[in-house]
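# An overview of the molecular structure
As a plain string of letters, each chain reads:
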Amino acid sequence: MAVSDRELAELTHLKTPQKLDPFKGVKKLPLEEYFTSGHRTCQGCESALVMKLMVKAAGPRTIVLGSTGCMYVANTTYYSTPWVVPWMHTQLGSSGSAALGASAAVRALIRKKKIKDEPINIIAFCGDGGGADMGVSGISATLTHPEYNCLILMYDNESYANTDIQLSGSTPYGAHTTFSPPGTKKRIMHHRWKKNFAAMMAAGHPTCRFVSTVCMSYPVLAMNAVRRALSIGGPTFIHSLDPCPKGWDYDPMLSHELGEIAVETGIWPLWQVEDGKLALIGKTRDIADNRFKRRPVRDYLLKQGRFAHFTDDDIDYFQAKVDETWKKWVVPGVIPIAKEVDNDAPPV
Ligand SMILES: Cc1ncc(C[n+]2csc(CCOP(=O)(O)OP(=O)(O)O)c2C)c(N)n1
Ligand code: SF4
Ligand SMILES: [Mg+2]
């Protein structure tokens, strides 16, 4: 929902965000890097690519805050860091409060004339454990403050990866994690369906002007989502699905392909909500408009060791659940709430 002129006028000290036009294609991307060598993430780590392209999209006038997780620990080994822009660690569940606090602090410094009056991007990232599980309250509170410009980006590798792949609320059904190892008597140890987190953030925060899902297998789309999120004003949220060779157990050379297949199977729909309007993006829109036939989830699951214990029945179950998100949800792949009550009926 857009903030009205009256609301804006009531918000004191509102600083204009940076104007960041969309990139017109891969060949138009800037060469400068603000996340460079010096990190120790696994080979093929898509979350590291998210960091690199997120800050490339944002540019040099950016402060990055990161909560605990692989993207903190592996990126800031003693005496080395890949971050070229100012970077600060924050506690595991506090990406939301860190984003809000940093945005308020920059504004106070400008007001007190301690730093130049210029727009500075504030990005706080978190993992799925630190964001969708532990950090929900902080992220939610921040998204209700339209007077602060900041982006919260949740990189979702579908586990608490840094502490050795524990199951999170974003781990897919049935996946093998250190908390859900398949046994001889019980094959499936994880029965819950993945949280629909970005949609929760979009539906629950009408003053947040931009929420988007992305995947770095579609880098220009993802970087343009970052640029839009930073330009629109107020707090914004992006949820990225990141193949993780260690946690998902596959050959690192498959990272890019797995991101593509996640979208092509309809498991990871790409969409954005801007000022209350939903748009399906890229391949996801093609699926919804019948220009692209969804690939079977089997193509995705069988490439990953975390699903190696799946039988045909398990794959069928997974397929049926994904089909349900596309056939029964009020917005395919996005909103699971259907209107069944007849509002015109007289009250009884
Ligand atoms: C309050 C708190 N609890 C537990 C930990 C231990 N811990 C550090 S990183 C981490 C995993 C975080 O998972 P996620 O946010 O998904 O990031 P990832 O490691 O997957 O990148 C945990 C549990 C911590 N640092 N702080
Ligand atoms: S465990 Fe996964 S998220 Fe962590 S550094 Fe390795 S590939 Fe990246
Ligand atoms: Mg994680």
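This text follows the structure it describes.
In short, a report on the structure. Predicted model only: the values in this text are computed from it and were never measured. (Residues numbered from 1 in each chain as written. Chains lettered and ligands numbered in written order. Predicted model: local features only at pLDDT ≥ 70, side-chain atom pairs only at ≥ 80, totals over all residues.)

Our next topic: the overall build of the protein. Counting its secondary structure elements, the protein contains 13 helices and 8 strands. In terms of principal-axis extent, the alpha carbons of the protein reach across some 65 × 65 × 40 Å. For the protein, the proportion of its 348 residues judged to be buried stands at 48%. The contacts in the protein between residues at least 6 apart in sequence include a share of 70% that link residues at least 24 apart. (Helix = DSSP H or I, 4+ residues; strand = E, 2+ residues; numbered from the N terminus. Buried ≥ 20, exposed ≤ 12 C-beta atoms within 10 Å, placed from the backbone. Contact = placed C-beta atoms within 7 Å.)

Once that is clear, we can look at the site of ligand 1. By nearness alone, 17 residues border ligand 1, and Gly 69, Gly 127, Gly 129, Ala 161 and Asn 162 come closest of all. Elements represented by at least two residues in the shell around ligand 1 include exactly α3 (70-73), β3 (121-127) and α5 (128-133). Grouping the amino acids of the shell around ligand 1 by side-chain chemistry returns 6 nonpolar, 10 polar and 1 charged. (Near = placed C-beta within 6 Å. Nonpolar A, V, L, I, M, F, W, Y, C, P; charged D, E, K, R; others polar.)

One finds Met 54, Ile 152, Cys 215 and Val 226 to be the most contacted residues of the largest nonpolar core, which totals 85 residues. For this core, the leading source of residues is helix α2 (residues 46-58), giving 9 residues. Setting aside anything within four residues of it in sequence, one finds Ile 152 in contact with Ser 95, Gly 96, Ala 99, Ala 124, Cys 126, Ile 139, Thr 142 and Phe 237. (Core = buried A, V, L, I, M, F, W, Y, C linked by C-beta atoms within 7 Å.)

Now for the packing of α2 against helix α8 (residues 219-231). At a minimum axis separation of 9 Å, α2 and α8 run at an interaxial angle of 50 degrees. When the interaxial angle is binned, α2 and α8 end up oblique. Considering how the two elements wind past one another, α2 and α8 form a crossing that is right-handed. Where α2 approaches α8, its residues Leu 53, Met 54, Lys 56, Ala 57 and Ala 58 are matched on the opposing element by Pro 219, Ala 222, Met 223, Val 226, Arg 227 and Leu 230. Residue composition of the contact of α2 with α8, by class: 9 nonpolar, no polar and 2 charged. (Axes fitted to C-alpha atoms, helices over the stretch in contact; angles between N-to-C directions. Parallel < 35°, antiparallel > 145°, perpendicular 65-115°, else oblique. Left-handed = near helix turned anticlockwise from the far one by under 90°.)

The subject of this paragraph is α2. The first and last C-alpha atoms of α2 sit 18 Å apart over 13 residues, in line with the 18 Å expected at 1.5 Å per residue. Counting buried positions over the 13 residues of α2 gives 11, a clear majority of the element. Along α2, the residues that are buried comprise Glu 46, Ser 47, Ala 48, Leu 49, Val 50, Met 51, Leu 53, Met 54, Val 55, Ala 57 and Ala 58. One or two residues past the end of α2 sits Gly 59, with phi positive at roughly 90 degrees. (Expected span 1.5 Å × (residues − 1).)

Lining the immediate surroundings of ligand 2 are Thr 41, Cys 42, Cys 45, Ser 47, Cys 70, Ala 74, Asn 157, Ala 161, Cys 244, Pro 245, Lys 246 and Gly 247. With 3 residues, helix α9 (residues 245-248) is the single largest residue contributor to the shell around ligand 2. Per-class residue counts for the shell around ligand 2 are 7 nonpolar, 4 polar and 1 charged.

Attention shifts here to unusual backbone geometry. Not every positive phi belongs to a glycine, and Asp 164 is a case in point at roughly 95 degrees. Along the chain, Asp 164 turns up in the loop between β4 (150-156) and α7 (197-204). With 12 C-beta atoms counted inside 10 Å, the residue Asp 164 sits in the exposed group. Of note in the backbone geometry, Asn 290 takes a positive phi value of approximately 60 degrees without being a glycine. As for its position among the elements, Asn 290 is in the loop between α11 (282-288) and α12 (298-301). Its 7 C-beta neighbours within 10 Å are what place Asn 290 among the exposed residues.

Quick look at α7 now. If you check which residues of α7 are buried, you get Phe 197, Ala 198, Ala 199, Met 201 and Ala 202. Summarising the contacts, the buried residues of α7 are in contact with α5, α6 (136-143), β5 (210-214), β6 (235-241) and β7 (271-274).

This part is about the packing of helix α4 (residues 95-111) against α6. Geometrically, a packed helix pair is captured by the angle between its two axes and the distance between the axes. Contact pair α4 / α6: the axes reach a minimum separation of 6 Å and the direction vectors enclose 35 degrees. Each of Ser 95, Gly 96, Ser 97, Ala 99 and Leu 100 in α4 lies in contact with α6, whose residues at this interface are Gly 138, Ile 139, Ala 141 and Thr 142. When its residues are assigned to classes, the contact of α4 with α6 shows 4 nonpolar, 5 polar and no charged.

On to the environment of His 190. Summarising the element assignment, His 190 is placed in the loop between β4 and α7. Separated by 11 residues in sequence, His 190 and Phe 179 place their C-alpha atoms 8.6 Å apart. Once you skip the residues sitting within four places of it in the chain, His 190 turns out to touch Leu 167, Thr 171, Tyr 173, Gly 174, Ala 175, Thr 177 and Ser 180.

Residue placement: Ile 281 occurs in the loop between β8 (277-280) and α11. In this structure the C-alpha to C-alpha distance between Ile 281 and Thr 207, which are 74 residues apart in sequence, comes to 22 Å. Other than its neighbours up to four places away in sequence, Ile 281 contacts Leu 221, Leu 270, Trp 271 and Gln 272.

Bringing the pairing of β7 into the picture now. Direction of pairing for β5 relative to β7: antiparallel, over a ladder of 3 bridges. Counted as the bridge partner of Phe 210 is Glu 274 from β7. Summarising the sheet, β7 and β8 pair through 4 bridges and their orientation is antiparallel. Bridging from a neighbouring strand, Glu 274 pairs with Lys 277 of β8. What sits between β7 and β8 in their antiparallel hairpin is a turn of 2 residues, with Asp 275 showing a positive phi close to 45 degrees. (Pairing = 2+ DSSP bridges.)

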